[in-house]
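Below are the chains, spelled out letter by letter.
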Amino acid sequence: MLKFIITRIISVIPILFLVSILVFLMVHFIPGDPVINMLGMEAQPEAIEATRERLGLNKPLHIQYTSFLINILKGDLGTSIRTKKPVIQEIKDKYRYSLILAIGGTLVASVLGVLMGIVSAIKQNKFWDNFLMVISLLSVSTPSFFLALILILIFSLFLGWFPSIGVYSWRHYVLPIFALGTQSIGLIARMTRSAMLDTLNQDYITTAKAKGAPWFQVVFSHALRNAMIPVLTILGLRFGGLLAGSALIEMVFAIPGIGRLMIDAVLTRDYPVIQATVLFISVTFVMINLIVDILYSIVDPRVKC
Amino acid sequence: MRQSVLKRFMKRKIAVLGAVIIVLFVFMALVGPYLCAYDPLDIDVLNKYQSSSREHLLGTDNLGRDTLTRLVYGARITFIISVTSVFIGSLIGMIFGVIAGYFGGKTDAVIMRATDVLLAFPGLLLAIAIVAILGTGIINTIIAIAIFSIPYLARIVRGSVLTIRNSEYIHAAKVIGASHLRTIIFHIVPNSLSQVIVNTTLNLGTAILTSSALSFLGLGVQPPDPEWGAMLSKAREVMRSTPIAALAPGIAITLVVMGFSLMGDGLRDALDPRSRND
């Protein structure tokens, strides 16, 4: 198992390396001169030269990349063109909001999704199964930003239960987390359902039933434990999607998270911020998947390289 | 064989429902614009933010443009973006997938690492990053979503090629002297086509969600073009007074995505009965 964990960790290194190259090259992929893109057509030639010099864009590509990488490892992600603040500072201030949303969304999705999946599997092809599968179909088809607006309309504007903008208390997080997590509920419900159906047909379940084990023990302790493995993988993969997708939710609920930072940066062509946020989100995503993989190699000894 | 696929598809009522939804929306996109009484870009500031009425069934938006007309024209844009991008992305993904699976070895390793890297940018992030490079607009949205769908399809096709690569009929083709290209085009591709069709259909739903999300963020289709995500974005300012302006495009996106999802599942069951989940 230790061997699996080490190989898995090593396998992540080239991916992170390639991700950093792509993020570095982003500025160079832009059609036209990156500095003019950043400063605008009417910028003074001196200002253009100064920015080129400051960003090191006049050096050869491999030297630019090396210093880009060294700076990242030192925790220096450059300076925002718009706010003139260090990008790392901006991200530090905003990252936790997006992290709370993504973790909350993943929790909502896993609890509700797994519960729905279990009920569906137990009641296979009966009313509850069909009903829950319609709900999960709706959940995967509804865009999160549309759901967010409906939630605001019902729970903020009409019922007044939850605030619709900002992040001042836990009540502010309820609607955004729900809006973000819902799309994954359906996915996890379907995954749990089919994994549960697979395990419920196994011999050891029949044995457990034959020995007279109570049904909730059969379902929760025998079947669910084994059905959780594919579900865990999906959860790891969804987490990254939620982290990136929180940009939409942050826009609707006016939450100052990293997603909004990224969108604002794209709209104002603030390339150091774009690069840093894209890098940050993808590295988090790769690391979470690494952790999930390692976790279930511990949970399930059958998983090997 | 073909008839039995259609028969199996038609047996699943819910898959047929999905197909009916899509057909209706495609009809709306093709014919709808000729039936509209208004122009989607005609501004009528005196009548902005109207609720639904006899003149404007779904009300009007912030500039007094008829929401129903914009919804109908928006269907065109939605289908143009999703179908073109998924077609291009699937084609490129399929080519890479076939090459990786068929030749194996180093070629496979290089292509698979490339997909790994693309997949390291989760969900919307890759599309946003591409738009950050290329800029906004319909064409760039299409490119972003095409690139976005390449790695998924490449992996799926590679998987299916790996399972058929060692089949006897492939060996037979090689033994009688078929070239690589001939083997790929006449034997490998037709046999992995069902996977491609199913996943392309499912990808269409994802493409619509992504393109509307980009437009909602202001990074996709630009005003004044009518796009469902952009319409939603504008309408959220008047959620309380004229909720219909947001509900109409939101429900349209949901229905089309649902339609593609139901159709994709139905096609999967019809083309490959072994993979059924229930």
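Small disclaimer: the values here were computed from a predicted structure and weren't measured.

Conventions used here
Sequence order sets the numbering: in each chain, residues are counted from 1 along the sequence as written. Here every chain gets a letter starting at A, and every ligand a number starting at 1, in the order they are written. With the structure being a predicted model, the display of local features is reserved for residues of pLDDT at least 70 and the display and counting of side-chain atom pairs for 80 or more, all residues being used for whole-chain, interface and lining totals. Just so you know, side-chain values use all the structure's heavy atoms and leave hydrogens and water out. Counting from the N terminus, the helices are DSSP H or I runs at least four residues long and the strands are E runs at least two residues long. Exposure categories follow from relative accessible area, calculated using a 1.4 Å probe and restricted to protein chains: below 20% of the type maximum is buried, above 50% is exposed, and the middle band is partly exposed. The charge count treats Lys and Arg as positive and Asp and Glu as negative. His and the chain ends do not count. Working definition for charges: the position is that of NZ of Lys, CZ of Arg, CG of Asp or CD of Glu. All accessibility values rest on the Shrake-Rupley procedure with a 1.4 Å probe; residue burial counts only the protein chains present in the view. The contact definition used throughout considers only heavy atoms, calling two residues in contact when any of these lie within 4.5 Å. Buried area is a sum: the accessible area each of two parts loses on coming together, probed at 1.4 Å, counted once for each and added. Each salt bridge in this description consists of a side-chain nitrogen of Lys or Arg and a carboxyl oxygen of Asp or Glu lying within 4 Å of one another. Throughout this description, a polar contact denotes any pair of N or O atoms lying within 3.5 Å of each other; where both atoms belong to protein, one of them has to be capable of donating a hydrogen while the other can accept it, and for residues adjacent in sequence the pair is counted only when both atoms sit in side chains. Ten residue types, Ala, Val, Leu, Ile, Met, Phe, Trp, Tyr, Cys and Pro, are classed as nonpolar, four, Asp, Glu, Lys and Arg, as charged, and the remainder, Gly among them, as polar. Only residues whose relative accessible area exceeds 30% and that form no salt bridge enter a patch; like-charged residues are grouped when within 9 Å of one another, and nonpolar side chains (Val, Leu, Ile, Met, Phe, Trp, Tyr) when within 5 Å. Paired rings are identified among Phe, Tyr and Trp, the last through its six-membered ring, by centres lying within 6.5 Å, and are further divided according to the angle between planes into stacked (under 30 degrees), edge-to-face (over 60) and tilted (the rest). Counting as a charge over the ring demands two things of the Lys NZ or Arg CZ atom: a distance within 6 Å of the ring centre and an angle within 35 degrees of the ring normal. One fewer than the residue count of a helix, multiplied by 1.5 Å, yields its expected span. The bend reported for a residue corresponds to the angle between axes fitted to the seven residues ending at that residue and the seven starting there. For our purposes a nonpolar core is just a set of buried Ala, Val, Leu, Ile, Met, Phe, Trp, Tyr and Cys residues, chained together by side-chain atoms within 4.5 Å. Fitting a line to C-alpha atoms yields each axis, with helices limited to the stretch in contact; the angle taken between N-to-C directions then spans 0 to 180 degrees. For classification purposes, angles smaller than 35 degrees are called roughly parallel, those larger than 145 roughly antiparallel, those between 65 and 115 roughly perpendicular, and all remaining angles oblique. Confidence of the prediction at every residue is given by pLDDT, a number between 0 and 100.

The helix and strand tally for chain B stands at ten helices and zero strands. Across chain B, helices and strands are ordered from the amino to the carboxyl terminus as α-α-α-α-α-α-α-α-α-α. Reported as C-alpha extents along the three principal axes, the dimensions of chain B are approximately 75 × 45 × 35 Å. Relative to its 278 residues, chain B shows a buried fraction of 53%. With 24 positive and 16 negative side-chain charges, chain B shows a separation of 11 Å between the mean positions of the two kinds.

Attention shifts here to the overall build of chain A. For chain A, the count of helices and strands is twelve helices and zero strands. Mapped in sequence order, the helices and strands of chain A form the string α-α-α-α-α-α-α-α-α-α-α-α. For the C-alpha atoms alone, the extent of chain A along its principal axes is close to 85 × 55 × 30 Å. Counting all 305 residues of chain A, 51% fall into the buried class. Accessible area for chain A stands at about 14,900 Å²; split by element, carbon and sulfur atoms hold 68% of it. Mean positive and mean negative side-chain charge positions of chain A (25 and 16 charges, respectively) differ by 11 Å.

Contacts between the two partners involve 45 residues from chain A and, on the opposite side, 37 residues from chain B. Taking both sides of the interface into account, the surface hidden between chain A and chain B amounts to around 3,700 Å²; carbon and sulfur atoms contribute 81%. Contact with chain B buries surface across chain A, with Phe145, Phe146 and Leu149 of chain A losing the most and accounting together for 16% of the total. Taken together, chain A and chain B are joined by one salt bridge. We note a salt bridge from Arg190 of chain A to Asp265 of chain B, for which the minimum N-O separation is 2.7 Å. For the pair chain A and chain B, the interface holds two residue pairs in polar contact (both at pLDDT 80 or more). Among the residues making up the side of chain A that touches chain B, the classes are represented as 35 nonpolar, eight polar and two charged.

As a further point, take a nonpolar patch on the surface. Residues and elements named next belong to chain B. Together, Phe87, Ile88, Leu91, Ile92, Ile95 and Phe96 line one region of the surface with nonpolar side chains, adding up to about 530 Å² of accessible area. Here Leu91 is to be found in helix H3 (residues 67–103). The partly exposed category is assigned to Leu91, whose relative accessible area is 42%.

The next thing to look at is the packing of aromatic side chains. Aromatic rings considered in pairs are described by the distance between their centres and by the relative angle of their planes. According to the stated counting rule, one finds 14 aromatic pairs over all chains in the structure shown. Taking 5.3 Å as the distance between ring centres and 65° as the angle between the ring planes, the aromatic pair formed by Phe24 of chain A and Tyr65 of chain A counts as edge-to-face. Of this pair, Phe24 of chain A sits in helix H1 (residues 2–29) while Tyr65 of chain A is found in helix H4 (residues 61–73), placing the two residues 41 residues apart along the sequence. No difference in accessibility class separates Phe24 of chain A from Tyr65 of chain A, as the two residues are buried. Joined through ring pairs, the aromatic side chains of Phe17, Phe24, Tyr65 and Phe68 of chain A make up one cluster. Lying over the aromatic face of Tyr97 of chain A, Arg96 of chain A brings its terminal NZ or CZ to 4.6 Å of the ring centre. Above the face of the Phe186 of chain B ring, Arg182 of chain B is positioned so that its terminal group lies 4.7 Å from the ring centre.

Note that an α-helix has 3.6 residues per turn; residues three or four places apart therefore point the same way. Residue and element names in this part refer to chain B. Given a rise of 1.5 Å per residue, 37 residues ought to cover 54 Å, yet the end C-alpha atoms of helix H8 (residues 180–216) are separated by just 45 Å, more than 12% below that figure. Bending of H8 peaks at approximately 45° at the position of Val189, with proline Pro190 no more than four residues after it. Among the residues trailing H8, Gly218 stands out with phi positive, at a value near 90°.

Okay, the pattern of salt bridges next. Counted under the stated rule, the structure contains nine salt bridges over all chains. A salt bridge links Arg158 of chain B to Asp108 of chain B; the shortest N-O distance between them is 2.7 Å. Here Arg158 of chain B is found in helix H6 (residues 138–165), whereas its partner Asp108 of chain B is found in helix H4 (residues 105–119), with 50 residues between them in sequence. Because the salt bridges share partners, they merge into one network encompassing Arg190 of chain A together with Asp265 and Arg268 of chain B.

Turning next to helix H5 (residues 87–122) of chain A. Between its first and last C-alpha, H5 of chain A extends 51 Å over 36 residues, near the 52 Å set by a 1.5 Å rise per residue. Lys94 of chain A marks the point of greatest bend in H5 of chain A, at about 35°.

A word on the nonpolar core. Core analysis: the largest hydrophobic core is formed by 149 residues, its most contacted members being Phe253 of chain A together with Ile128 and Trp228 of chain B. Broken down by element, this core gets its largest block of residues, 18 residues, from helix H10 (residues 215–253) of chain A. Setting aside anything within four residues of it in sequence, one finds Phe253 of chain A in contact with Ala148, Ile152, Ser164, Ile165, Gly166, Leu175, Pro176 and Ala179 of chain A. Listed in part, the twelve residues of the second largest apolar core include Val98, Tyr102, Ile184 and Val189 of chain B.

All names here are of chain A. The contact between H5 and helix H11 (residues 258–267) brings their axes to 7 Å, and the two run at 125°. The orientation of H5 with respect to H11, classified from their angle, is oblique. Here Glu90, Ile91, Lys94, Tyr95 and Ser98 of H5 lie close against H11, whose contacting residues are Ile258, Gly259 and Leu261. In terms of residue class, the contact of H5 with H11 is built from four nonpolar, two polar and two charged.

Looking now at the confidence of the model for chain B. All names here are of chain B. The share of residues in chain B with pLDDT of 70 or more is 95%, and the mean pLDDT across the chain is 84. In the model of chain B, helix H1 (residues 2–11) stands out as the element of lowest mean pLDDT, 76, in contrast to H3, which has the highest, 90. Overall fold confidence for the complex sits at a pTM of 0.87, while the interface term, ipTM, reaches 0.86.

Another point: unusual backbone geometry. Each neighbour pair has its own omega, and for Pro223 of chain B with Pro224 of chain B the value is 5°, a cis peptide bond. Backbone geometry places Lys84 of chain A, a non-glycine residue, at a positive phi of 65°. Positionally, Lys84 of chain A belongs in the loop between H4 and H5. Classification of Lys84 of chain A as exposed rests on a relative accessible area of 62%.

Tracing the sequence through the fold places Ile274 of chain A in helix H12 (residues 271–299). Each C-alpha atom of the pair Ile274 of chain A and Thr66 of chain A lies 19 Å from the other, and the pair is 208 residues apart in sequence. Excluding its chain neighbours within four sequence positions, the residues that come into contact with Ile274 of chain A are Met26, Ala265 and Val266 of chain A together with Ala132 of chain B.

Relative to the elements of secondary structure, Thr254 of chain B occurs in helix H10 (residues 244–271). Between the C-alpha atoms of Thr254 of chain B and Ala100 of chain B, which are 154 residues apart in sequence, the distance is 35 Å.

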